[in-house]
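# Residue-level structural notes
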Amino acid sequence: MKLYIYDHCPFCVRTRMIFGLRGLAVEEVVLANDDEATPIGMIGAKQVPILQKNDGSYMGESLDIVRYIDDLAGKGRLKEEIRPEVQAWLDKANTYVSKLVQPRMVLIGLPEFATQSAVNYFVHKKEANIGSFAEHLAKTDEYLQTLHTDLVGLEKQVAGERYLNGEGLSMEDIHVFPLLRNLTAVCGLALPSKLKVYTDNMAAASGVPLYTDKAV
Ligand SMILES: N[C@@H](CCC(=O)N[C@@H](CS)C(=O)NCC(=O)O)C(=O)O
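First, a word on scope: everything that follows refers to the structure included in this document. (Residues numbered from 1 in each chain as written. Predicted model: local features only at pLDDT ≥ 70, side-chain atom pairs only at ≥ 80, totals over all residues. Heavy atoms only, no water.)

Attention now goes to the nonpolar core. Ranked by internal contacts, the top residues of the largest apolar core, which has 63 residues, are Met105, Leu151, Phe177, Leu180 and Leu183. Considering each element in turn, this core owes the most residues, 7 residues, to helix α9 (residues 171-183). Residue contributions to this core reach at least three from each of two domains, namely domain 1 (2-73) and domain 2 (84-214). Those residues within four positions of Leu180 in sequence are excluded, and the remaining contacts are Leu151, Leu154, Leu191, Leu195, Tyr198 and Thr199. (Core = buried A, V, L, I, M, F, W, Y, C linked by side-chain atoms within 4.5 Å. Buried < 20%, exposed > 50% of the residue type's maximum accessible area, 1.4 Å probe, protein only. Helix = DSSP H or I, 4+ residues; strand = E, 2+ residues; numbered from the N terminus. Domains from an automatic or database assignment. Contact = heavy atoms within 4.5 Å.)

Residue position: Arg14 is located in helix α1 (residues 10-22). As for Arg14 and Asp173, which are separated by 159 residues in sequence, their C-alpha atoms are 8.6 Å apart. A distance of 2.9 Å separates a polar atom in the side chain of Arg14 from a polar atom in the side chain of Ser62. (Polar contact = N/O pair within 3.5 Å; in protein donor to acceptor, adjacent residues only side chain to side chain.)

Another point: the layout of surface pockets. Approximately 790 Å³ is the volume found for the largest pocket. In terms of lining residues, the largest pocket is bounded by 30 residues, among which Cys9, Pro10, Phe11, Gln102 and Lys126 are the most central. At the level of secondary structure, the elements contributing two or more residues to the lining of the largest pocket comprise α1, α4 (84-93), α5 (97-105), α6 (116-130) and α9. Residues of the lining of the largest pocket, tallied by class, amount to 15 nonpolar, 10 polar and 5 charged. Taken domain by domain, the lining of the largest pocket gets at least three of its residues from each of domain 1 (2-73) and domain 2 (84-214). Roughly 160 Å³ of volume is contained in the second largest pocket. Taken together, 13 residues line the second largest pocket, and the ones lying closest to its centre are Thr184, Leu189, Leu191, Lys196 and Thr212. Taken together, the residues that form the lining of the second largest pocket break down as 7 nonpolar, 4 polar and 2 charged. (1 Å grid on protein atoms, 1.4 Å probe; cavity = no way out; pocket = protein on both sides within 12 Å on 5 of 7 lines; lining within 4 Å. Points joined across faces, edges and corners; volume = space filled by probe spheres on them. Nonpolar A, V, L, I, M, F, W, Y, C, P; charged D, E, K, R; others polar.)

Our next topic: α1. In this model, α1 (13 residues) spans 19 Å end to end at C-alpha, consistent with the 18 Å of a helix rising 1.5 Å per residue. For α1, the set of buried residues is Cys12, Val13, Arg14, Thr15, Arg16, Met17, Ile18, Phe19 and Arg22. Along its buried surface, α1 packs onto β1 (2-5), β2 (27-30), β3 (50-52), α3 (62-73), α9 and α10 (193-206). Positive phi appears at Gly23, one or two residues downstream of α1, with a value of about 70 degrees. (Expected span 1.5 Å × (residues − 1).)

Taken together, 14 residues lie around the ligand, and Lys46, Val48, Glu61, Ser62 and Lys125 are the ones closest in. Interatomic distance of 2.7 Å between a side-chain N/O atom of Lys46 and an oxygen atom of the ligand. Backbone polar atom of Val48 to a nitrogen atom of the ligand: 2.9 Å apart, as the coordinates give it. Contact with the protein chains hides 84% of the accessible area of the ligand, taken as 510 Å² for the molecule alone. Counting atoms within 2 Å of the grid points, the majority share of the ligand lands in the largest pocket. Of all the elements in the fold, those that place two or more residues in the shell around the ligand are α1 and α6. Here the shell around the ligand is built from residues that sort into 7 nonpolar, 2 polar and 5 charged. Here the shell around the ligand spans two domains, since at least three of its residues come from each of domain 1 (2-73) and domain 2 (84-214). (Near = heavy atom within 4 Å. Areas by Shrake-Rupley, 256 points an atom, 1.4 Å probe, with all protein chains shown as cover. Sits in = over half its atoms within 2 Å of the grid points.)

Right, let's talk about the sheet that holds strand β4 (residues 58-59) for a bit. Read across the open sheet, the 4 strands follow the order β2-β1-β3-β4; overall the sheet is mixed. Because the sheet does not close on itself, it has two edges, and the strands there are β2 and β4. Inspection of the sheet shows β3 paired to β4 by 2 bridges, in the antiparallel sense. Bridging from a neighbouring strand, Gln52 pairs with Tyr58 of β4. Its contacts with the sheet put α3 on β3 and β4, and the angle it makes with β3 is roughly 35 degrees. (Pairing = 2+ DSSP bridges. Axes fitted to C-alpha atoms, helices over the stretch in contact; angles between N-to-C directions.)

Structure representation (structure tokens):
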């Protein structure tokens with residue numbers, strides 16, 4: 001199987017996690033961010049992740065891929081339940097996390113941004129949604145203050161060192177870890193201790209490395 005991704009894409013991280021955690025092999029292919037033709041040719045949309053199955057057919061939508069691979073692995077299904085407190089945390093964090101994360105993604109040497117035209121494509125597209133990258137970078141301290149307060153709330157929901165619910169893999173991990181992983185690109189991020197242990201453990205278990213060493 002082949003998995004078409006961007007390294008920075010949190011939806012792609014969901015799918016990379018399930019392969020790593022369930023121990024199934026996959027060939028990861030990082031597309032250039034300005035390559036529209038390849039994904040459109042595969043699923044009719046300029047969107048990743050895309051899984052090419054062994055029969056050659058394509059599957060989009062990260063959660064469909066997660067469930068498909070989880071079934072295929074045959075190691076027991078992940079729990080679908082997301083606690084309301086965790087969902088509420090995700091809903092709030094998702095209102096501002098992109099302002100911290102997206103401006104940094106083009107600064108840390110990711111393969112999907114190897115060319116200037118790929119960088120320009122991303123900056124143009126994302127600034128149309130969230131506003132000036134330069135202005136968001138300048139407001140890092142302000143955003144981090146909010147984030148650090150919110151992370152204290154998330155830490156209260158950490159029930160185990162390997163899985164958020166303390167029992168086993170669930171959709172909570174599939175939603176929360178990709179967001180925490182992208183936040184490790186932010187220089188100045190201070191994860192509360194239980195969240196740091198969780199994030200480090202999940203990175204190791206899933207084989208999806210953090211950005212800590214490249215943080216800007
Ligand atoms: N609902 C989709 C969303 C996937 C998605 O939005 N992917 C983003 C990357 S994070 C994308 O490909 N956007 C097009 C672009 O960046 O040009 C899923 O869960 O797979």
